[in-house]
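Structure at a glance
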Amino acid sequence: MLNRRILRVKAFQTLYAYQQCKYSNANLAQDFIKESFMPDLNTMEIQDRGQLKKEAERCVTLFLKNLDKDELIAANENSEKIRHTAIKAIDLYHKYNQKDREFLKNNMLTAVENIPGLYLFAISMLLGFGTHVRKEKAKKRILEDQPIIQPPSVYNLGNNKVLEIIAANHSFKRECLRFQVDLEDLEQEIKEWYRELVKPQEDYQKYMHTENPTFEQDKEVLQSILKKVLFKSEAPLSFFQDRDLNWSENKPIVRSLASKVLKNLTGNEESSDEILPELALNWEEDKEFFQNIFNLTITSDQDFSTLIAEKAKNWDVERIALTDRVILIMALTEMVNFPSIPTKVTINEYIDISKTYSTPKSKQFVNGILDTLSKELTDSGKIRKSGRGLIDNK
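My aim in this report is to walk through the structure given alongside it, one point at a time.

Description of the overall build of the protein chain
The helix and strand tally for the protein chain stands at 15 helices and 0 strands. Relative to its length of 394 residues, the protein chain is extended, with a C-alpha radius of gyration of 29 Å against a globular reference of 21 Å. Along the first, second and third principal axes, the C-alpha atoms of the protein chain reach 100 × 70 × 35 Å. Put simply, the protein chain has 394 residues, and 46% of those count as buried. Counting contacts in the protein chain only where the partners sit at least 6 residues apart, residues at least 24 apart contribute 77% of the total. Summed over all atoms, the accessible surface of the protein chain reaches about 22,400 Å², with 49% contributed by carbon and sulfur. Charged side chains of the protein chain number 57 positive and 60 negative; the gap between the two group centres comes to 4 Å.

Points about the packing of helix H2 (residues 49-65) against helix H3 (residues 80-113)
Interhelical geometry of H2 versus H3 gives an angle of 50 degrees and a closest axis separation of 9 Å. Viewed along their axes, H2 and H3 adopt a mutual orientation that is oblique. Crossing of H2 against H3: the hand is right-handed. Facing H2, whose interface residues are Glu-55, Arg-58, Cys-59, Leu-62 and Phe-63, H3 presents Ile-82, Arg-83, Thr-85, Ala-86, Ala-89, Ile-90 and Tyr-93. Partitioned by chemical class, the residues of the contact of H2 with H3 number 8 nonpolar, 1 polar and 3 charged.

Quick word on the packing of helix H1 (residues 4-36) against H3
Between two packed helices, the angle of one axis relative to the other and the distance separating the axes together describe the packing. It is at 8 Å that the axes of H1 and H3 come closest, and there the two elements cross at 155 degrees. Of the possible angle classes, the one that applies to H1 and H3 is roughly antiparallel. In this structure, H1 meets H3 at a crossing whose hand is right-handed.

Looking at the packing of aromatic side chains
This structure, assessed with the given rule, holds 12 aromatic pairs. Taken together, a centroid distance of 6.5 Å and an interplanar angle of 40 degrees make the contact between Phe-12 and Tyr-16 tilted. Here the residue Phe-12 and the residue Tyr-16 both occupy positions in helix H1, the gap between them amounting to 4 residues, near one helical turn. Measuring from centroid to centroid gives 4.8 Å for Phe-240 and Trp-247, while their planes differ by 10 degrees, and the two rings are stacked. Summarising the burial analysis for this pair, Phe-240 and Trp-247 share the class buried. Linked through ring pairs, Phe-121, Phe-231, Phe-239, Phe-240 and Trp-247 together constitute an aromatic cluster.

So, unusual backbone geometry
Unlike most non-glycine residues, Gln-180 shows phi in positive territory, near 55 degrees. Of note, Gln-180 is situated in the loop between helix H6 (170-178) and helix H7 (187-198). Even without glycine at this site, Asn-212 takes up a positive phi of about 50 degrees. Judged by relative accessible area, which is 70%, Asn-212 ranks as exposed.

Notes on the environment of Gln-30
Among the secondary structure elements, Gln-30 is positioned in helix H1. On the accessibility criterion, Gln-30 (15% relative accessible area) is buried. As a C-alpha pair, Gln-30 and Ile-87 span 57 residues in sequence and 12 Å in three-dimensional space. Apart from residues no more than four positions distant in its own chain, Gln-30 is found in contact with Val-60, Phe-63 and Leu-64.

Thoughts on the side chain of Thr-85
Tracing the sequence through the fold places Thr-85 in helix H3. We classify Thr-85 as buried; its relative accessible area is 6%. Not counting chain neighbours up to four residues away, the residues in contact with Thr-85 comprise Phe-32, Ile-33, Ser-36, Phe-37 and Cys-59.

Side note on the environment of Phe-240
Within the secondary structure layout, Phe-240 lies in helix H10 (residues 234-243). Using a relative accessible area of 0% as the deciding quantity, one classes Phe-240 as buried. Residues Phe-240 and Ala-17 lie 223 residues apart in sequence; the distance between their C-alpha atoms is 23 Å. Look past the residues within four positions of Phe-240 in its chain and what remains in contact with it is Leu-118, Phe-121, Ala-122, Met-125, Leu-230, Phe-231 and Trp-247.

Re the pattern of salt bridges
This structure, assessed with the given rule, holds 21 salt bridges. In this structure, Arg-4 engages Asp-286 in a salt bridge whose closest nitrogen and oxygen atoms are separated by 2.7 Å. Taken as a pair, Arg-4 in helix H1 and Asp-286 in helix H12 (residues 283-311) lie far apart in primary sequence, 282 residues in all. Relative accessible area serves as the criterion here: at 9%, Asp-286 is assigned to the buried category. We note a salt bridge from Asp-91 to Lys-95, for which the minimum N-O separation is 3.3 Å. Of this pair, Asp-91 and Lys-95 are both found in helix H3, 4 residues apart, which corresponds to roughly one turn of the helix. Judged by its relative accessible area of 38%, Asp-91 is partly exposed. Shared partners join several salt bridges into a network, and the residues in it are Arg-5, Arg-8, Glu-334, Glu-349, Asp-352 and Lys-355.

Calculation rules
Residues numbered from 1 in each chain as written. Predicted model: local features only at pLDDT ≥ 70, side-chain atom pairs only at ≥ 80, totals over all residues. Heavy atoms only, no water. Helix = DSSP H or I, 4+ residues; strand = E, 2+ residues; numbered from the N terminus. Rg over C-alpha atoms; globule rule 2.2 N^0.38 Å. Buried < 20%, exposed > 50% of the residue type's maximum accessible area, 1.4 Å probe, protein only. Contact = heavy atoms within 4.5 Å. Areas by Shrake-Rupley, 256 points an atom, 1.4 Å probe, with all protein chains shown as cover. Lys, Arg positive; Asp, Glu negative; His and termini not counted. Charge placed at Lys NZ, Arg CZ, Asp CG, Glu CD. Axes fitted to C-alpha atoms, helices over the stretch in contact; angles between N-to-C directions. Parallel < 35°, antiparallel > 145°, perpendicular 65-115°, else oblique. Left-handed = near helix turned anticlockwise from the far one by under 90°. Nonpolar A, V, L, I, M, F, W, Y, C, P; charged D, E, K, R; others polar. Phe/Tyr/Trp six-rings, centres within 6.5 Å; stacked < 30°, edge-to-face > 60°. Salt bridge = Lys/Arg side-chain N within 4 Å of Asp/Glu carboxyl O.

The following block contains the structure:
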């Protein structure tokens, strides 16, 4: 299931992508400036190319000095064209940033909310294997009333009681429609995966030769197929990778949710509609946290970058690894804006992110900066904890 740690990682990745977009947008704006000072090919007047190039360079310098300013500061610039072009470039830069910000935020949220569709596909594949076995059983009958030569136990999956409950469940059908989970285009793959991956599997072979398997045995074989086939074999994994760009990170979540569907069934669910697990224990609350940490980190960027620069001795804030900058600003944003989350919890979470996603020395650097700034911000009253957050440093 989703938890706050996973959401922090996904927000961090999106914020990192946003910073990359900002760099690209700054380059696009500078290209606009350079184009504005290119010689005009439609005029017969003599144009000083060298002078135009110098003016373009002055305009770029002015643009870079005012990227994050509310008003243009150009005390030493007398050229109206340079001032006007810089203003247009800054406006263009911010428009590009706003467009990218909205796109990334929406994509970040949509990608998470679409995770259930992936585990529904996994469960549907199990149903597909059961359907295939039933069809194979029917094909073995040469005539309608002729008995099957092979023992009935060989076709156990076709009569799997767990699959019967899932297939008849209204919430499962409803969610499959909602997430557009349909195996119609996978019919051939289901046959091949069953023949090449499921059938030879040791656990399945044992199940095939078990007469009258119990409900628990029905569950166990499905768990085995999930774990050892669908989430381990190259062909099924390729299917999921094609549907989810973040599959390598989402795989454990999807596997856990799919397994939870089976694990929670007891055989008495015929009268119960709700057999599907929640994406998170409290998704609406986690969703709010997810969106807020993204938005607030962006709005806090300039202020916290200044604080980080003051504490990162012998380091230019622009020379600090971008991953570290994003991690530090996220952590400070969380400390200041989420009073119920203890400061120690926040520091530990972002140190863990730095271990996985940043440089080898990032752990010590991030820990040192956050430890120092958290104490200063607490002493100044900018970090105030309530509820669970009060157990902060005790």
